[in-house]
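Secondary and tertiary structure notes
Here's the letter readout for the chains.
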Amino acid sequence: MAAHHDNRKGSANNGSPRGSSSRSGSSRRGSPRSGSSRSSSAHDAKLRAEATEDARNVLLARALAPDDDTALTHHTKNYAENHTADRAKNHSGQDASHSNRTTRAGTSRSRSAGRASASRASAKRTSAGCAAPSSRKRTASSRKRTASSRKRTARGKSSASSSGTPRRSSMPPLTIILWILLALLALWMAMRALPASADHAWPTQIQLTALTPLLWLPLAVIGVWALARHTPAQAIVAIVLLLVDLLFSAGYAVRLPGGLNTALGNPAQSTMSAADRSAALASCSGADSASADSAARCVTVMTVNARYGKADASAIVHAAKQYDVDVLAIQEVYGDLKSRLDEEGLGEVFPHCVLGAQSDADNGGVNAICSRAEPVATTDDAVDAKAAHVPAVTLAIDGVNVTFVSAHVASPHRGADRWGDGLAALTRLGTPSGAGAPDPVVLMGDLNANLSHASYRAMLRNGGFSDVSYEMHGGAHLSFPASWSFVPSLLELDHVVHTQGVTGLDMRTLSIPRTDHKAQIATLRIDGTA
């Protein structure tokens, strides 16, 4: 109404008559209406552009402002103020009739109000949906950062691989433990390969080396465990070590080629089969027999460790009688054992006995050697073994002088060097400088060693000895420990060995009460001089 009043006042001041004005408006009716249409279209386009810009501003303010409602209100208010100012500015300069101006103003107002309402609705929809796009943008940004991090990690791994840097692999603790056990067992087995000069650095080393024939058991357990866990590398290593360990002991069960025995460092084996030995054993006659000259002369020997003289004397004498023993060797004769043996009738079976002299080097007692036949020579110390004296008797069997020796090598805990020196000293019994050379020599007793010890193998090799148990390849004859009936013997520490001119035909072990060693009983055929 104010605009209308101003327009009328302006007309009056110009001095134009009302009729003139009407005519003038009538004469220009076509032209202003066309200009108004173009002005309205341009104005609509401008409004749309402003609405679009305002919507953009609302979105930007919504993203930047901490308070979305405040930002929306602020921009809506600015939009209304700017729109009102633009509307007043656009309509103030129009030179049209009152009715046309009124109509156009009404039309403009309704259009503006509709567009403002649409803009406000759009702004509300934008503010309502602004949180979700923002959240989606943040999620998308997080995913982009994760993908970028993964790409950087992949590039780092690729770079490390291309530069030759080893990748760190996580190995299960149980796998690590199994590898450590396999490594320790391999090192343990390697102790067998040490030379004779290095296999007795300390007592524990000697004892551990003696246990190497038993390593097949933990290796078998690890191999089965590895197969069950589907770790083929560990299973293969365990199986290989198991086969190597069994190979060193295979000669006790089967006859190995001579070259293989040499490579393993083991003594020679007899070429006789089990049937041949049985036939030879059946044709044997005793050492003191008056059989025909065609009959072979055989000798049955027995050796037992009496464990500080505590062994059952009655059991020893009974076993000697039962198996027709010709020569009996006893170690660790101590205290009243000799008198108890005599009470059980030892003198009646073996009237010829030689005991070693007592000394500070005695290893649990003295050694004794007894025979049924009268010896042609005796000695109470055939060689200095750095331990108890080594008594020996020489028997004439079918014109062949055979020397029988009872020995007890010092226990490792009494000194590793004494143990090694004792085995080295026994070597001399089989050489020309020894007690019975060049005639056959039979050495028996508790030697505190087995084929796992390089020093024992060196004694056999350098002295020209054969181990009867290994020679016969009829099975190992385990003799230690024997203190408990529920614990089996695990090691072969007691031996019967001989030089050339003697062949082993039979061997067995026998438990004797109250001693920790089993007795060994062997039947030997005397073939002749070496």
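Residue numbers here run from 1 along each chain, matching the order of that chain's written sequence. Note on the predicted model: pLDDT of at least 70 is required for a residue's local features to be given, and 80 or more for side-chain atom pairs to be given and counted; whole-chain, interface and lining totals, by contrast, use all residues. Only hydrogens and water are set aside; all other atoms, that is, all heavy atoms of the structure, feed into the side-chain values.

**Here we look at the overall build of the chain**
Cut-off, in case you're wondering: For helices the rule is a DSSP run of H or I covering at least 4 residues; for strands it is a run of E covering at least 2, with both sets numbered from the N terminus onward. Only protein chains enter the calculation, and the probe is 1.4 Å; a residue is then buried if its accessible area is under 20% of its type maximum, exposed if over 50%, and partly exposed in between. Contacts between residues were defined by any pair of non-hydrogen atoms, one from each residue, lying within 4.5 Å. Residue burial considers only the protein chains on display, and all accessible areas are found by Shrake-Rupley using a 1.4 Å probe.
Tallying secondary structure elements over the chain gives 17 helices and 13 strands in all. Burial status across the chain gives 41% buried among its 530 residues. Excluding contacts between residues fewer than 6 apart, the proportion of contacts in the chain whose partners are at least 24 apart in sequence is 68%. If you sum the accessible surface of the chain, you get close to 27,600 Å²; carbon and sulfur atoms cover 56% of it.

**Topic: the packing of aromatic side chains**
How we decide: Centres within 6.5 Å are what make two rings of Phe, Tyr or Trp a pair, Trp counting through its six-membered ring; a difference in plane orientation under 30 degrees is then read as stacked, over 60 as edge-to-face, and the rest as tilted. Cation placement over rings: the criterion is NZ of Lys or CZ of Arg within 6 Å of the ring centroid and within 35° of the ring normal.
Under the counting rule described, the total for this entry stands at one aromatic pair. With a centroid separation of 5.2 Å and 90° between ring planes, the pair formed by Tyr-252 and Tyr-470 is classed as edge-to-face. One end of the pair, Tyr-252, is in the loop between helix 9 (232-249) and helix 10 (258-264); the other, Tyr-470, is in helix 17 (residues 468-471), and 218 residues separate them in sequence. Across the ring face of Phe-350, the terminal group of Arg-372 is positioned such that the distance to the ring centre comes to 5.6 Å.

**Some remarks on the sheet that holds strand 8 (residues 400-408)**
What counts here: Whether two strands pair comes down to DSSP finding at least two bridges between them. Every axis in this analysis is a line fitted to C-alpha atoms, fitted for helices over the stretch in contact. Angles between the N-to-C directions lie between 0 and 180 degrees.
What the six strands build is an open sheet, ordered 6-7-8-9-11-10; its pairing is mixed. Edge strands, defined here as strands with exactly one partner in the open sheet, are strand 6 (377-379) and strand 10 (466-467). Relative to strand 7 (residues 392-397), strand 6 is paired through three bridges, and the arrangement is antiparallel. By the bridge assignment, Thr-379 is partnered in strand 7 with Ala-392. In the packing of helix 16 (residues 454-463) onto the sheet, the strands contacted are strand 9 (441-446), strand 10 and strand 11 (494-498), and the crossing angle to strand 11 comes to about 20°.

**A few points about the pattern of salt bridges**
We count it as follows: We define a salt bridge as a contact between a side-chain nitrogen of Lys or Arg and a carboxyl oxygen of Asp or Glu at a distance within 4 Å.
In the structure shown here, the tally under the stated rule is six salt bridges. A salt bridge links Asp-312 to Arg-514, with the shortest nitrogen-to-oxygen separation between them at 3.8 Å. Residue Asp-312 is located in the loop between strand 2 (296-305) and helix 12 (313-322), and its partner Arg-514 is located in the loop between strand 12 (502-510) and strand 13 (519-526); the two are separated by 202 residues in the primary sequence. The exposed category is assigned to Arg-514, whose relative accessible area is 54%. Arg-340 is the partner of Asp-336 in a salt bridge, and the nearest nitrogen-oxygen pair spans 3.2 Å. Residue classification places Arg-340 among the partly exposed residues on the basis of a relative accessible area of 22%.

**Description of the state of the cysteines**
Any covalent bond linking the sulfur atoms of two cysteines counts as a disulfide. Here is the rule we go by: In what follows, a disulfide is any cysteine sulfur pair within 2.5 Å.
All chains considered together, the criterion is met by two disulfides. Disulfide pairing places Cys-284 opposite Cys-298 at an S-S distance of 1.6 Å. Since a negative S-S torsion denotes a left-handed disulfide, the Cys-284-Cys-298 link at about -45° is left-handed. Separated by 14 residues along the polypeptide, Cys-284 in strand 1 (residues 284-285) and Cys-298 in strand 2 bring together distant segments of the chain. Looking at Cys-284, the relative accessible area reads 22%, which means it is partly exposed. You can call Cys-298 buried: its relative accessible area is 5%. Sequence-ordered numbering of the bonded cysteines in the chain yields a pairing of 1-2, 3-4.

**What about helix 9?**
We count it as follows: By this rule the span expected of a helix is its residue count minus one, scaled by 1.5 Å. Note that the arc is defined by the directions from the helix axis to the C-beta atoms.
Taking 1.5 Å of rise per residue, the 18 residues of helix 9 would be expected to cover 26 Å, and the 26 Å separating its terminal C-alpha atoms lies within 8% of that figure. Of all the residues in helix 9, the buried ones are Gln-234, Ala-235, Ala-238, Leu-241, Leu-242 and Asp-245. Buried residues of helix 9, viewed axially, fall in a sector of 135°; they line one side. Away from the buried face of helix 9 by more than 90 degrees, exposed residues Pro-232, Ile-236 and Leu-243 are located. The inward-facing, buried residues of helix 9 abut helix 6 (173-190) and helix 8 (216-228).

**Quick word on helix 12**
To keep things clear, this is the line we draw: We define a polar contact as two N or O atoms separated by no more than 3.5 Å, with the added condition that, inside protein, one atom must be a possible hydrogen donor and the other a possible acceptor, whereas residues neighbouring each other in sequence contribute only through side-chain atom pairs.
When helix 12 is considered as a whole, its buried residues turn out to be Ala-313, Ala-315, Ile-316, Val-317, Ala-319 and Ala-320. Taking the backbone nitrogen of Ser-314 as reference, a side-chain oxygen 3.0 Å away marks Asp-312 as the first, capping residue of helix 12. At the exit of helix 12 stands Asp-324, carrying a positive phi of roughly 50°.

**A word on the nonpolar core**
As a reminder of what qualifies: Residues enter a nonpolar core if they are buried and are Ala, Val, Leu, Ile, Met, Phe, Trp, Tyr or Cys, with the set joined through side-chain atoms within 4.5 Å.
Ranked by internal contacts, the top residues of the largest apolar core, which has 28 residues, are Leu-426, Leu-443, Tyr-456, Met-459 and Phe-465. When residues of this core are traced back to their parent elements, those giving at least two are strand 8, helix 15 (416-427), strand 9 and helix 16. When residues of this core are assigned to their parent elements, the largest contribution, five residues, is made by helix 15. Aside from chain neighbours lying at most four places away, what touches Phe-465 is Pro-267, Leu-426, Thr-427, Leu-429, Gly-430, Val-441, Leu-443, Met-459, Leu-460, Val-497, His-498 and Thr-499. Counting 25 residues, the second largest nonpolar core, distinct from the first, contains Ala-306, Ile-316, Ile-330 and Ala-519.

**Remarks on unusual backbone geometry**
Across the chain, the bulk of peptide bonds are trans and the bulk of non-glycine residues have phi less than zero. Here the bond from Phe-480 into Pro-481 is cis, since omega is -5°, no more than 30 degrees from zero. Summarising the element assignment, Pro-481 is placed in the loop between helix 17 and strand 11. Phi at His-230 is positive, roughly 60°, even though this residue is not glycine. As for its position among the elements, His-230 is in the loop between helix 8 and helix 9.

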